[in-house]
Amino acid sequence: MDRFFGFDLGDAESAVARLHKEDQVTPEMLTVVGEQSFITAYAQLSSGELLIGEKACYADGAVKRKLRFKSRFLSDSTSANDVKSFAGGVLGELYGSGDLVKNEDCSFYIGCPAGWDKNTREHYREIFESVGFPPAKIISESRAAMVSACQSKHLQVGLDILSKPVLVVDIGSSTTDFAYIMGGKEVEMQTAGEVVLGGGLMDEILLEESVENANPLFRKKIRNALDESEPWRAYCEFAARRLKEKYFSDEEYWSSHECKESLLIQYNRPVKLTLTMDKNIASKLLNKSLNKLGGKSFKEVFINALRDVKENITGSQPELIFLTGGVSKLPAIRDWCTSVFSDSVVISGSEPEFSVARGLAYCGRIDEDMRAFREDLEELTKSSKIEEIVRNHITQLYKDAVDCLIEPILTKVAMPIFDQWRSGEIRKLSDTDDLLEKEIGAFIRSDEARELLAGPITSWLKPVAEELEEYTVPICVNHRVPYTALSLKSYLSASDIDIKVDARNIFAVEEMTWLIDSLVTVLVGLIIAAIDVVPFLAGPQGVIVGVIASAIILILGKDKMEEKLLETDIPNAVRRLIPKGTFKSRMDNISSSVKQNFYESLGQDKNDEITNRMISEISAQIEQTLIKMAEVVEIPLG
């Protein structure tokens, strides 16, 4: 894609932004029917011409005229046709001005309330597709506003915003939209994310107050025009909105200056209406009780909505509250947010009326970057580079595993078997072969062995991760993704490590044989050594046994003695003369030599098939982890 359009179709006003793939930093706001922010209205004239924007509100000869239809999209099926007509008009304007070129490689990102479900969003997207829009994608307006803030660097929060809980409050003309974002992901809330409360209510109050203060001679004409003509009422409310935002953008200035605007309503006979904003009217906008709100004021409903949202957040409470929409400029809004979320920082964008459109355009470029990003990552995972890195470190993995598991095996397997031999449950040492194989296998497959390996495996993966960054960092940099997004080093600092190495893969059949043979040798050697010291520890009977053992060693030699012992059924009385403590002490002392013998066996006899399987399995797990990490990056934030 070469260009990305963001279309913020609002209930009262709409805006379109455009972002080029390479040569722009900030999306440009396009001028549609003479305005960057234009009224969401259309009129079908008797001549067949379709008008949109301000002219559609009062143009003569209209056979059909519609305003404020988006707010009815969920409740009125005819609203879909109104969206289609208006969207078609906007598309025509873009083609007519040259801002959009036929068959160019572009896409449209169109906003919707966060509360809309997947099916509603797809229905909405199909409307634009039916009109003839280029490929379109529907994005939450709240998320788009957040993207705009992150991408434009207006928010001085850096990438931390991706890991912190954030509440986005988008105050539109007819609804207030809440979106809870945690770790860059939008989380569904039980409140459905939307409250029927918008700045349009304030516009109505301002308009009503201005009519009440109008010259009595013209008041009736003004009321008739507003009551009988929905387009003129909408036009006057739009003007009231502009004046309201102008006043609240600098209340201190307007406290000593007049804030007024005169309108000429051309309905039947022209009549003049003057809109006025001052401190008293400003207070009424926030505190006047309205029938539409069940006798409550804007302030009451807004604060209650904030409290409901707070109660329905199942995760951490937001550390940041981001306000967007024209009404977000009101200082009172910030105060209300702080009163409910006392520990949160409250901020807003510099041009909230354009933040959604710009954010939608940013989302397009981010998605394009993500597509190329995923392709490069897929190319890496399909190559042999990860396997080569793992192969270079596999010998160290074996050593770390041996260091980790040999002593627990000696303690938890060899010692209990010695106890069984000493008590007479095992009659001959040669019988320990099958038992050792069974018990070592059970231990290696246990959760305890897996937990023991977690630490060494994590340590072993760190140098692997460092080498891997030689390939992942350029991928991230090329696609404007934080290099830490594919950093296994940062991932390994998390408490949950998904990359697992099972002990049974390290100690396969051949290694099990080596280990069992080694332990049988250790047992026999330790028992012989223990018998040698019995005369000094066990009294007259021990002296006799010691003499006999010494004589056998002299006659047969130590190796033959070990061979004989393997098949000898030593009397229980003699077995019990071998102190358990002595056996354990000597076993502890020789654990290092057992490890060394095992290292040598691994180095000399390690089966290539087993090694290749280990490399393949570990590499596959690393690749899957990188893919999981990339999925998080797909969320278009920052």
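Preceding block: the structure.
These figures come from a predicted structure and were not determined experimentally. (Residues numbered from 1 in each chain as written. Predicted model: local features only at pLDDT ≥ 70, side-chain atom pairs only at ≥ 80, totals over all residues. Heavy atoms only, no water.)

Focus: the packing of aromatic side chains
Alright, step 1. Here the structure, examined in full by the defined rule, presents 18 aromatic pairs.
Alright, step 2. Ring geometry for Phe298 against Phe302: centres 6.3 Å apart, planes inclined by 10°, an arrangement best described as stacked. Pair noted here: Phe298 and Phe302 are both in helix α10 (residues 298-312), with a separation of four residues, about one helical turn.
Alright, step 3. Put simply, the rings of Phe5, Phe7, Phe73, Phe108, Trp116, Tyr124, Phe128 and Phe133 touch in pairs and so form one group of aromatic residues.
Alright, step 4. Cation over ring: Lys102 sits above Tyr95, and NZ or CZ is 4.4 Å from the ring centre.
Alright, step 5. Between Lys310 and the ring centre of Phe341, over which it is positioned, the NZ or CZ distance is 5.7 Å. (Phe/Tyr/Trp six-rings, centres within 6.5 Å; stacked < 30°, edge-to-face > 60°. Helix = DSSP H or I, 4+ residues; strand = E, 2+ residues; numbered from the N terminus. Lys NZ or Arg CZ within 6 Å of the ring centre and 35° of its normal.)

Describing the sheet that holds strand β5 (residues 41-45)
Alright, step 1. With respect to topology, three strands assemble into an open sheet ordered β6-β5-β7, the strand pairing being antiparallel. Edge positions in the open sheet fall to β6 (50-52) and β7 (62-67), since each of these has one partner strand only. Sheet twist, expressed as the mean angle between neighbouring strand axes with direction ignored, is 15°.
Alright, step 2. With five bridges joining them, β5 and β7 adopt antiparallel strand pairing. Along β7, the bridge assignment pairs Ala41 with Leu67. (Pairing = 2+ DSSP bridges. Axes fitted to C-alpha atoms, helices over the stretch in contact; angles between N-to-C directions.)

Quick notes on the packing of helix α2 (residues 79-97) against helix α3 (residues 118-131)
Alright, step 1. Viewed as axis vectors pointing N to C, α2 and α3 meet at an angle of 45°, and their least axial separation amounts to 9 Å. The angle between α2 and α3 places the two elements in the oblique class. The crossing of α2 and α3 is right-handed. Counted together, Ala80, Val83, Lys84, Ala87, Gly88 and Leu91 of α2 and His123, Tyr124, Ile127, Phe128, Ser130 and Val131 of α3 form the full contact between these two elements.
Alright, step 2. Within the contact of α2 with α3, the residues separate by chemical class into eight nonpolar, three polar and one charged. (Parallel < 35°, antiparallel > 145°, perpendicular 65-115°, else oblique. Left-handed = near helix turned anticlockwise from the far one by under 90°. Contact = heavy atoms within 4.5 Å. Nonpolar A, V, L, I, M, F, W, Y, C, P; charged D, E, K, R; others polar.)

A short note on helix α4 (residues 141-151)
Alright, step 1. Counting buried positions along α4 yields ten of eleven residues, so the element is predominantly enclosed.
Alright, step 2. Where α4 is concerned, the buried positions are Glu141, Ser142, Arg143, Ala144, Ala145, Met146, Val147, Ser148, Ala149 and Cys150.
Alright, step 3. With a side-chain oxygen positioned 3.3 Å from the backbone nitrogen of Ser142, the residue opening α4 is Ser140. (Buried < 20%, exposed > 50% of the residue type's maximum accessible area, 1.4 Å probe, protein only. Polar contact = N/O pair within 3.5 Å; in protein donor to acceptor, adjacent residues only side chain to side chain.)

Here's the deal with the layout of surface pockets
Alright, step 1. Within this model, the largest pocket holds a volume of roughly 930 Å³.
Alright, step 2. The set of elements that each furnish at least two residues to the lining of the largest pocket consists of β1 (3-9), β2 (13-20), β10 (166-171), α5 (200-212), α7 (230-248) and α12 (352-382).
Alright, step 3. The greatest single-element share of the lining of the largest pocket, amounting to six residues, is contributed by α7. (1 Å grid on protein atoms, 1.4 Å probe; cavity = no way out; pocket = protein on both sides within 12 Å on 5 of 7 lines; lining within 4 Å. Points joined across faces, edges and corners; volume = space filled by probe spheres on them.)

Looking at empty space enclosed by the protein
Alright, step 1. Scanning the model with the defined rule gives two cavities of 30 Å³ or more in all.
Alright, step 2. Taken as a whole, the largest cavity spans an internal volume of roughly 60 Å³.
Alright, step 3. Along the walls of the largest cavity sit Asp11, Ala12, Ile39, Thr40, Leu67, Arg68, Ala234 and Phe238, which together make up its complete lining.
Alright, step 4. Of the residues contributing to the lining of the largest cavity, the split by class is five nonpolar, one polar and two charged.
Alright, step 5. As a volume, the second largest cavity reaches approximately 30 Å³.
Alright, step 6. Lining the second largest cavity are Ile171, Gly172, Ser173, Gly199, Gly200, Asp203, Arg241, Lys244, Glu245, Gly326 and Val327.
Alright, step 7. Looking at the lining of the second largest cavity, the elements with two or more residues in it are α5 and α7.
Alright, step 8. Top element by residues in the lining of the second largest cavity is α7. It accounts for three residues.
Alright, step 9. Among the residues forming the lining of the second largest cavity, the class breakdown is two nonpolar, five polar and four charged.

Points about the pattern of salt bridges
Alright, step 1. For the coordinates displayed, the defined rule picks out 28 salt bridges.
Alright, step 2. Note that Lys244 is salt-bridged to Asp203, the shortest N-O span being 2.8 Å. One end of the pair, Lys244, is in helix α7; the other, Asp203, is in helix α5, and 41 residues separate them in sequence.
Alright, step 3. According to the relative accessible area criterion, Lys244 is buried, its value standing at 1%.
Alright, step 4. Look at Asp203 and you get buried, because its relative accessible area is 1%.
Alright, step 5. Notably, a salt bridge pairs Lys382 with Glu378, separated by 2.9 Å at the nearest N-O pair. Remark: Glu378 and Lys382 occur in helix α12; sequence separation between them is four residues, near one turn of the helix.
Alright, step 6. Judged by its relative accessible area of 65%, Lys382 falls in the exposed class.
Alright, step 7. A relative accessible area of 39% places Glu378 in the partly exposed class.
Alright, step 8. Among the charged side chains, a network of salt bridges with common partners joins Asp11, Arg68, Asp227, Arg233 and Glu237. (Salt bridge = Lys/Arg side-chain N within 4 Å of Asp/Glu carboxyl O.)

Describing a negative patch on the surface
Alright, step 1. Negative charge collects at one region of the surface, where Asp431, Asp433, Asp434 and Glu437 lie side by side.
Alright, step 2. Turning to its location among the elements, Asp434 is positioned in helix α14 (residues 432-444). (Patch = residues over 30% accessible without salt bridge, like charges linked within 9 Å, V, L, I, M, F, W, Y side chains within 5 Å. Areas by Shrake-Rupley, 256 points an atom, 1.4 Å probe, with all protein chains shown as cover. Lys, Arg positive; Asp, Glu negative; His and termini not counted. Charge placed at Lys NZ, Arg CZ, Asp CG, Glu CD.)

No statement about biological role is implied by the geometric values presented.
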